[in-house]
Amino acid sequence: MSLFGAMNTAIAGLNSQSSAFGNISDNVANTQTVGFKRVDTAFVDYLTTSTVDINAPGAVVAKPSYMNNIQGTITQTDNTLGLAIAGQGFFAVSQQVGDINGVPTFNPQQYYSRAGDFQLNKKGYMVNSAGLYLNGWPVDAAGNVNENSLQPIQVTQTVYNPVATSNVTLSANLPATPATGTATAASPISSDINVYDALGTVHTVTLNWVRNAQDDWTVSIDVPDDTVGTARGTAVVQFGAASGNGVAEGTVGQIGSTTGSVTSAGYVAGSAATLTFTDDFGSGPQTITLNIGTYGQTDGVTQYAGSTYNLRGLTQDGVPPGSFAGVTTQSNGNIIVNYDNGQTRRIAQVPLVTFNAPNKLQRQDGQAFTTTIDSGTPLAQAAGTNGAGNLVINSLEGSNVDIASEFSKLIVAQRAYSANTKMVTTADDLLQQTIEMKR
């Protein structure tokens, strides 16, 4: 009985080492597969009879030991959409199963992967080398993220709609002692501001500054291509002592009388000093607010020493139309579409999905996984929060296979297999000798 048992045990050993060899082969073959997670081999002993006095040969079974939670090496890539995960978590991905009227349909089963070599396909979806579609939280037009929905990320190469200018902020210094012949009605100090209408066409607004007296100026606002007329109106701007409001010398202290369509808010210490006027560039009235600083502060228009006008800064919130220029990723998972007018738009955010037992996930084709009862419930969360790893942009996570370690395992498996074959042949020889005893 022991000879047959020994032979059966050796055969079980051959089968187990064959399984180990298969796992090693799979690992070695995927040493350069992006996001691949190696499979080690765990050997489990099964008993037949084992007591204090008797121990009969048993058996051994090889079981896979998945290393899904072991980090692979992260390397930089020229792919601007490449994403790697440093730490725990998986990308949520979808598998395409069909196409209806040019729109892809997806398997309702959610897949997960660490393969982040994403590229845009011909329909603008972010797809990795295994053909799996990256899922993300959608972002609405107002920039709000919907964390209750995961869907394939599609980049539509639409234009960036123009935005009419409604606010302009000016920072400049008017000379306390203007050069002779300047800052007069005949030769005002002029500065131009570019603004956009509702169609994205740029227009010029001219500010003409005339010095009335010490600390007292009049600014006229002219719009040469306005359909209503060039002059919008004027406003008196007083600095320091001239305003009578006790503000620091050289800072805006009061906006006095206004004419035409120009209006202003009353003086409130620490509030914005603004002029508001209305234009019409052919697409209807357009109200623009010109912010010239804060009453009593130096953040806008000032009047300090000098003989010439000095522009320090000028911003406006209008935007010309823009065409698609590309798409980039950010370390917080944001997918950003860039336009040639300098504007950007966030269209989605990539979350990371974590599991209590990632090594219990079910392997699928294309370095992908699906959930099991033992893996736990998937939890989608922003990168770097609640145990989720960090996203590394312009990078890829390689296979976590160490080829040197696999070759060492290969030598051990080979020797163990040879030893088990020796056990089989030895048991066969002993049985043969037993049979020949009757001769």
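First, a word on scope: everything that follows refers to the structure included in this document. Predicted model only: the values in this text are computed from it and were never measured. (Residues numbered from 1 in each chain as written. Predicted model: local features only at pLDDT ≥ 70, side-chain atom pairs only at ≥ 80, totals over all residues. Heavy atoms only, no water.)

### Remarks on the overall build of the protein chain
Convention followed: Note on conventions: DSSP H or I runs of at least 4 residues are helices, E runs of at least 2 residues are strands, and numbering of each starts at the N terminus. This radius of gyration counts C-alpha atoms alone. The globule rule is 2.2 Å times how many residues there are, raised to the power 0.38. Burial classes follow relative accessibility: with a 1.4 Å probe on protein chains only, a residue under 20% of its type's maximum area counts as buried, one over 50% as exposed, and anything between as partly exposed. The contact rule is simple, with two residues in contact once any of their heavy atoms fall within 4.5 Å.
In terms of helices and strands, the protein chain carries two helices and 31 strands. The globule rule puts the C-alpha radius of gyration for 439 residues at 22 Å, and the 38 Å found for the protein chain is more than 25% above it. On the principal axes, the C-alpha backbone points of the protein chain span a range of 135 × 50 × 35 Å. Within the protein chain, buried positions represent 40% of all 439 residues. Within the protein chain, residue pairs in contact and separated by at least 24 positions form 59% of the contacts whose partners lie at least 6 positions apart.

### Overview of empty space enclosed by the protein
Selection rule: The way it works is a 1 Å grid over only the protein atoms, where trapped points that fit a 1.4 Å probe form a cavity and open points with protein on both sides within 12 Å along at least five of seven lines form a pocket, and then any residue with an atom within 4 Å of a point lines it. Grid points are joined across faces, edges and corners, and a volume is the space filled by probe spheres set on the points. Side-chain classes are defined by residue name, with Ala, Val, Leu, Ile, Met, Phe, Trp, Tyr, Cys and Pro counting as nonpolar, Asp, Glu, Lys and Arg as charged, and the others, Gly among them, as polar.
Enumeration according to the criterion identifies one cavity of 30 Å³ or more in this entry. By volume, the largest cavity is sized at about 30 Å³. Every residue along the wall of the largest cavity is listed here: V168, I193, V195, V205, L207, F277 and L290. Put simply, the parts of the chain that give the lining of the largest cavity at least two residues each are strand 13 (189-196) and strand 14 (202-213). Within the lining of the largest cavity, the residues separate by chemical class into seven nonpolar, no polar and no charged.

### What about helix 1 (residues 2-29)?
Rules: A helix is expected to span 1.5 Å multiplied by its residue count minus one.
Compared with an ideal rise of 1.5 Å per residue, which puts 28 residues at 40 Å, helix 1 spans 40 Å between its outermost C-alpha atoms and is within 8% of the ideal. On its buried side, helix 1 packs onto strand 1 (39-46), strand 2 (59-66) and helix 2 (403-435).

### Points about unusual backbone geometry
Positive phi, normally seen in glycine, also occurs at D215, with a value near 65°. The topology assignment puts D215 in the loop between strand 14 and strand 15 (216-222). Overall, the relative accessible area of 4% leaves D215 in the buried class. We note that N394 has phi near 55°; this positive angle belongs to a residue other than glycine. As for its position among the elements, N394 is in the loop between strand 30 (390-393) and strand 31 (395-397).

### Things to note about the nonpolar core
Here is a general trend for soluble globular proteins: nonpolar side chains tend to be buried in one another's company. Which entries qualify depends on this criterion: Throughout, nonpolar core names a set of buried Ala, Val, Leu, Ile, Met, Phe, Trp, Tyr and Cys residues whose side chains join them through atoms within 4.5 Å.
By size, the foremost hydrophobic cluster in this structure holds 30 residues, and its most contacted members are V205, L207, W209 and L290. Looking at this core, the elements with two or more residues in it are strand 12 (167-175), strand 13, strand 14, strand 15, strand 16 (231-239), strand 17 (252-258), strand 19 (272-280) and strand 20 (285-294). Apart from residues lying up to four places away in sequence, V205 is in contact with S191, D192, I193, V195, I221, D222, V223, F277 and D279. Of all hydrophobic cores here, the second largest spans 25 residues; its members include I153, I335, V337 and A368.

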